[in-house]
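Now for the letters of each chain:
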Amino acid sequence: WSVYAKNGMGVYVMKQIAQFFSIASEMVFLMLIIFLAKGYKISGRHLTYKRLIILVWLPFPLAYFAFYLYQQLGLDPALTLYVWESPPGYIIIAFHLLAMLVFFFVLQRTWRIEKNRDRKVFYIIFGLFYSLWFANVPVTVLIVSFVGAWVRSKVVFAVEFSIKVISYTFLSMV
């Protein structure tokens, strides 16, 4: 707190480390819910479509790295009110929507193959619930476009982390 009181920004390195771990946890969580949608450790099936899963997952870290570089080097604060209004931000939104489509595809195939009625119900609830997690970034960007610039960061923080807490809590109950 004393560093923040002195310079008004805090420890810059700590902010970067926190941002890295936030992105890393999102990547791990993405893989985990796609594995669960495949029925891994639920139906006792082996993973199939490994290449598809990797092809969906791999662009995320690359896009976030480009996003980070753009944010550090190319983002003009005078022209961009919010980082999602930048070209890398649009790409990450598109990747989230693509990952959501793959999630639905994988989940639908798993649901069709599954014979157990209770597991089918689980997959329906799981799919409905985690579609909210996939829609987190696009919905946040949509909400932010209607919010004034002076409260934008607080609204983004509240929406993003509320959805993350609810998603992690639900997963811990599964």
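Residues numbered from 1 in each chain as written. Predicted model: local features only at pLDDT ≥ 70, side-chain atom pairs only at ≥ 80, totals over all residues. Heavy atoms only, no water.

Caption draft 1: Expanded view of the packing of helix α2 (residues 12-37) against helix α3 (residues 50-57). As a packed pair, α2 and α3 sit with axes 11 Å apart at the nearest point and diverge in direction by 150°. Overall, the two elements α2 and α3 adopt an arrangement that is roughly antiparallel. Considering only the axes of α2 and α3, their crossing is right-handed. Contacts between α2 and α3 involve M27, L30, M31, I34 and F35 from the former and I53, V56 and W57 from the latter. Looking at the contact of α2 with α3 residue by residue, the classes come out as 8 nonpolar, no polar and no charged. (Axes fitted to C-alpha atoms, helices over the stretch in contact; angles between N-to-C directions. Helix = DSSP H or I, 4+ residues; strand = E, 2+ residues; numbered from the N terminus. Parallel < 35°, antiparallel > 145°, perpendicular 65-115°, else oblique. Left-handed = near helix turned anticlockwise from the far one by under 90°. Contact = heavy atoms within 4.5 Å. Nonpolar A, V, L, I, M, F, W, Y, C, P; charged D, E, K, R; others polar.)

Caption draft 2: Local environment of helix α5 (residues 87-113). With 27 residues, α5 should cover 39 Å at 1.5 Å per step; its first-to-last C-alpha distance of 39 Å lies within 8% of that length. Taken residue by residue, α5 has P88, G89, I92, I93, H96, A99, M100, V102, F103, V106, L107 and T110 as its buried positions. (Expected span 1.5 Å × (residues − 1). Buried < 20%, exposed > 50% of the residue type's maximum accessible area, 1.4 Å probe, protein only.)

Caption draft 3: Structural detail: the side chain of E114. With respect to the helices and strands, the residue E114 is situated in the loop between α5 and α6 (117-134). In terms of polar contacts, E114 uses its side chain to reach the backbone amide nitrogen of N116, at 3.2 Å. (Polar contact = N/O pair within 3.5 Å; in protein donor to acceptor, adjacent residues only side chain to side chain.)

Caption draft 4: How the structure looks around the confidence of the model for the protein chain. Overall, the predicted model of the protein chain reaches an average pLDDT of 80, with 90% of residues at or above 70. Element-level pLDDT for the protein chain is lowest in helix α1 (residues 2-7), with a mean of 71, against a maximum mean of 89 in α6. (pLDDT = per-residue confidence, 0-100.)

Caption draft 5: Spatial organisation of the nonpolar core. Membership of the largest hydrophobic core comes to 32 residues, with the highest contact counts inside it found for F126, Y130 and F134. Setting aside residues no more than four positions away along its own chain, F134 makes contact with L30, I33, H96, A99, M100 and F103. (Core = buried A, V, L, I, M, F, W, Y, C linked by side-chain atoms within 4.5 Å.)

Caption draft 6: Representation of helix α7 (residues 136-144). All of the buried residues in α7 are N136, V137, P138, T140 and V144. Taken together, the buried residues of α7 touch α5, α6 and α8 (152-173).

Caption draft 7: Broad picture of the pattern of salt bridges. Summed over the entire model, instances satisfying the criterion amount to 2 salt bridges. Across the pair K164 and E26 runs a salt bridge whose closest N-O atoms are separated by 3.8 Å. Linking K164 in helix α8 with E26 in helix α2, this pair joins segments that are 138 residues apart in sequence. When sorted by exposure, K164 lands in the same class as E26, which is buried. The salt bridge involving E114 is made with R119; its shortest N-O contact spans 3.6 Å. (Salt bridge = Lys/Arg side-chain N within 4 Å of Asp/Glu carboxyl O.)

Caption draft 8: Region of the structure containing the environment of K120. The topology assignment puts K120 in helix α6. Given the relative accessible area of 22%, K120 is considered partly exposed. Here the alpha-carbon distance between K120 and T110, two residues 10 residues apart in the chain, equals 8.7 Å. Apart from the residues within four sequence positions on either side, K120 is in contact with W111 and E114.

Caption draft 9: Seen up close, the side chain of S167. With respect to the helices and strands, S167 occurs in helix α8. In terms of polar contacts, S167 uses its side chain to reach the backbone carbonyl oxygen of I163, at 2.8 Å. Apart from the residues within four sequence positions on either side, S167 is in contact with F29, F129, Y130 and W133.

Caption draft 10: The packing of aromatic side chains, seen in detail. Applying the stated criterion to the full structure yields 15 aromatic pairs. Arranged with centres 5.0 Å apart and planes meeting at 40°, the rings of F103 and F134 form a pair that is tilted. Residue F103 is found in helix α5, and its partner F134 is found in helix α6; the two are separated by 31 residues along the sequence. Just as F103 is buried, F134 falls in that class too. These aromatic residues form a ring-pair network of at least three members: F29, F103, F104, F122, Y123, F126, F129, Y130, W133, F134, Y168 and F170. Positioned over the ring face of W111 is K120, at 4.3 Å from the centre of the ring. Here the guanidinium or amino end of K164 rests over the ring plane of F161, the centre of that ring lying 5.1 Å away. (Phe/Tyr/Trp six-rings, centres within 6.5 Å; stacked < 30°, edge-to-face > 60°. Lys NZ or Arg CZ within 6 Å of the ring centre and 35° of its normal.)

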